[in-house]
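A closer look at the structure
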Amino acid sequence: MLSRQQLIQQIKQKKSFLCVGLDTDIEKIPVFLKEYPDPLFEFNKRIIDATRDLCIAYKPNAAFYERHGVTGLQSLIKTSEYLPKDCLSIIDAKRGDIGNTSGMYAKTFFDKEAAGMDFDAITVAPYMGNDSVIPFLAFEGKWVIILALTSSVGSKDFQYLETGNGPLYETVIQKANTWAGADRIMYVVGATKSTEFTNIRKYAPDNFLLVPGIGAQGGSLKDVCQYGMTKECGLIVNSSRAIIYASNGEDFAEAARAEALKVQQQMQAELEKAGVI
Ligand SMILES: O=c1ccn([C@@H]2O[C@H](COP(=O)(O)O)[C@@H](O)[C@H]2O)c(=O)[nH]1
């Protein structure tokens, strides 16, 4: 479990705020791995071994495991156990339901004794309001990462809707700020929305932002840093496909490392420029 201070310390130590996304797709992993009893885990294990000194977080996306049923869940559980303790472990599950049901989701991903998983953080959809989010916050020390302004094209359908008090995503942040502080809540903001970061920082000056959308979705790391970085960094930037599928040959882990290193080096330059390190 990583507290806010420990996370900041890891960022300074590793000179990185990279999150490697484990969107492990059985159709995209190297063919030779399919000979192994648990190909998804074997792939993740090698990616983690190759990148752990370059990143401060890992984010398995639940969909890629759940689609396999029981075997996928086993791969996810083994992956969660294998994740390095000095990295923030984020389950990208985008859950949220009436309180009673959210409590079950929280148990699933936060309580090792319930389902074998003990993630540090979970992504949560806030659409159902406070009672859908509070059960996740009830797990002391765990992070709740609320979808604010997503990288998706469809973000315009709801998130930009004018409420009379700014766009809906602003209201989401203002309301969620009343549920817990910046030591428990982060917000998802897509790298494809870099022009909105200045505005977001008005409402979330201290919160860490989980930023997906660089790499395969084309968002700019430079722009994200220019408009979103704080004195403590305040950013966890995710890249999944661009790193983990840099090659689909025998050299896939080395290729993933080379890609992660490129991103880490850009991050180091941005941290130096902003005076974080
Ligand atoms: O707004 C959002 C929220 C979540 N995601 C997730 O992040 C990764 C991005 O993968 P890439 O391969 O780096 O594009 C993936 O798991 C998404 O489901 C997002 O992209 N945007």
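Residues numbered from 1 in each chain as written. Predicted model: local features only at pLDDT ≥ 70, side-chain atom pairs only at ≥ 80, totals over all residues. Heavy atoms only, no water.

As recorded in an unreviewed UniProt entry, the chain goes by Orotidine-5'-phosphate decarboxylase and comes from Mucilaginibacter ginsenosidivorans.

1. Regarding the overall build of the chain
On a plain count of helices and strands, the chain comes out with 13 helices and eight strands. Rg of the C-alpha trace for the chain: 18 Å, near the compact-globule value of 19 Å for 277 residues, within the 12% margin. If one aligns the C-alpha atoms of the chain with their principal axes, the spans along those axes are about 55 × 45 × 35 Å. Here the chain holds 277 residues, and 55% of them are scored as buried. As displayed, the chain offers around 11,900 Å² of accessible surface, 52% of which is attributable to carbon and sulfur atoms. Across the chain, 30 positive and 33 negative side-chain charges occur, with their mean positions spaced 3 Å apart. (Helix = DSSP H or I, 4+ residues; strand = E, 2+ residues; numbered from the N terminus. Rg over C-alpha atoms; globule rule 2.2 N^0.38 Å. Buried < 20%, exposed > 50% of the residue type's maximum accessible area, 1.4 Å probe, protein only. Areas by Shrake-Rupley, 256 points an atom, 1.4 Å probe, with all protein chains shown as cover. Lys, Arg positive; Asp, Glu negative; His and termini not counted. Charge placed at Lys NZ, Arg CZ, Asp CG, Glu CD.)

2. Points about the site of the ligand
In the region of the ligand, 16 residues are neighbours, and Asp23, Asn61, Ser151, Gln217 and Arg241 sit closest. Contact between the ligand and Ser151: a nitrogen atom at 2.6 Å from a side-chain N or O atom of the residue. For the ligand, the accessible surface in isolation is 470 Å², of which the surrounding protein chains cover 88%. Counting residues per element, the ones that place at least two in the shell around the ligand are strand S3 (88–95) and strand S8 (235–239). (Near = heavy atom within 4 Å. Polar contact = N/O pair within 3.5 Å; in protein donor to acceptor, adjacent residues only side chain to side chain.)

3. A few points about the pairing of strand S5 (residues 143–149)
Of all seven residues in S5, seven are buried, a share of seventy percent or more. Regarding the hand of the β-α-β motif, the stretch spanning strand S4 (residues 121–124), helix H7 (residues 130–137) and S5 is right-handed. As defined by bridge partners, S5 adjoins strand S6 (residues 185–189) across five bridges and the pair is classed as parallel. Following the sheet pairing, Leu147 is matched in S6 by Val188. (Right-handed = clockwise from strand over helix to strand, strands pointing away. Pairing = 2+ DSSP bridges.)

4. With respect to the packing of helix H2 (residues 39–51) against helix H4 (residues 70–82)
For the pair H2 and H4, the least separation of the axes is 9 Å and the interaxial angle reads 20°. For the element pair H2 / H4, the angle class is roughly parallel. Between H2 and H4 the crossing geometry is right-handed. Along its contact with H2, which presents Leu40, Phe41, Asn44, Lys45, Ile48 and Asp49, the element H4 presents Ser75, Lys78, Thr79 and Tyr82. Tallied by class, residues from the contact of H2 with H4 come to four nonpolar, three polar and three charged. (Axes fitted to C-alpha atoms, helices over the stretch in contact; angles between N-to-C directions. Parallel < 35°, antiparallel > 145°, perpendicular 65-115°, else oblique. Left-handed = near helix turned anticlockwise from the far one by under 90°. Contact = heavy atoms within 4.5 Å. Nonpolar A, V, L, I, M, F, W, Y, C, P; charged D, E, K, R; others polar.)

5. Digging into the confidence of the model for the chain
In the predicted model, the chain carries a mean pLDDT of 98, and the fraction of residues at 70 or more is 100%. Reported confidence for the predicted complex is 0.99 by ipTM and 0.98 by pTM. (pLDDT = per-residue confidence, 0-100.)

6. Some details on the state of the cysteines
Applying the stated criterion to the full structure yields zero disulfides. Summary of cysteine pairing: Cys55 is not part of a disulfide, and the nearest cysteine sulfur, belonging to Cys87, is at 4.5 Å. Here Cys233 is not disulfide-linked; the sulfur of Cys225 is the nearest cysteine sulfur, at 7.2 Å. (Disulfide = S-S within 2.5 Å.)

7. Considering the pattern of salt bridges
Tallied over the full model, the rule gives 13 salt bridges. With a closest N to O distance of 2.7 Å, Lys59 and Asp92 form a salt bridge. A residue pair is termed long-range when its members are at least 10 positions apart, and Lys59 in strand S2 (residues 57–60) and Asp92 in strand S3 qualify at 33 residues. A residue is classified by how much of its surface remains accessible, and Asp92, at 7% relative accessible area, is buried. One network of salt bridges, in which partners are shared, links Lys59, Asp92 and Lys94. (Salt bridge = Lys/Arg side-chain N within 4 Å of Asp/Glu carboxyl O.)

8. What about the packing of H2 against helix H13 (residues 252–273)?
Packing of H2 against H13 leaves a shortest axis separation of 9 Å and a crossing angle of 45°. The pairing of H2 with H13 is recorded here as oblique in orientation. Viewed along their axes, H2 and H13 form a crossing whose handedness is right-handed. Counting all contacts with H2, which are made through Phe43, Arg46, Ile47, Ala50 and Thr51, the residues of H13 involved are Phe252, Ala253, Ala256, Arg257 and Ala260.

9. Observations regarding the sheet that holds S5
The sheet built from eight strands closes into a barrel, its strands ordered S1-S2-S3-S4-S5-S6-S7-S8 with parallel pairing. Put simply, the sheet's adjacent strands are angled 30° from each other on average, direction ignored. Against the sheet, helix H5 (residues 99–110) makes contact with S3, S4 and S5, and its axis sits at roughly 150° relative to S3, the strand it touches most.

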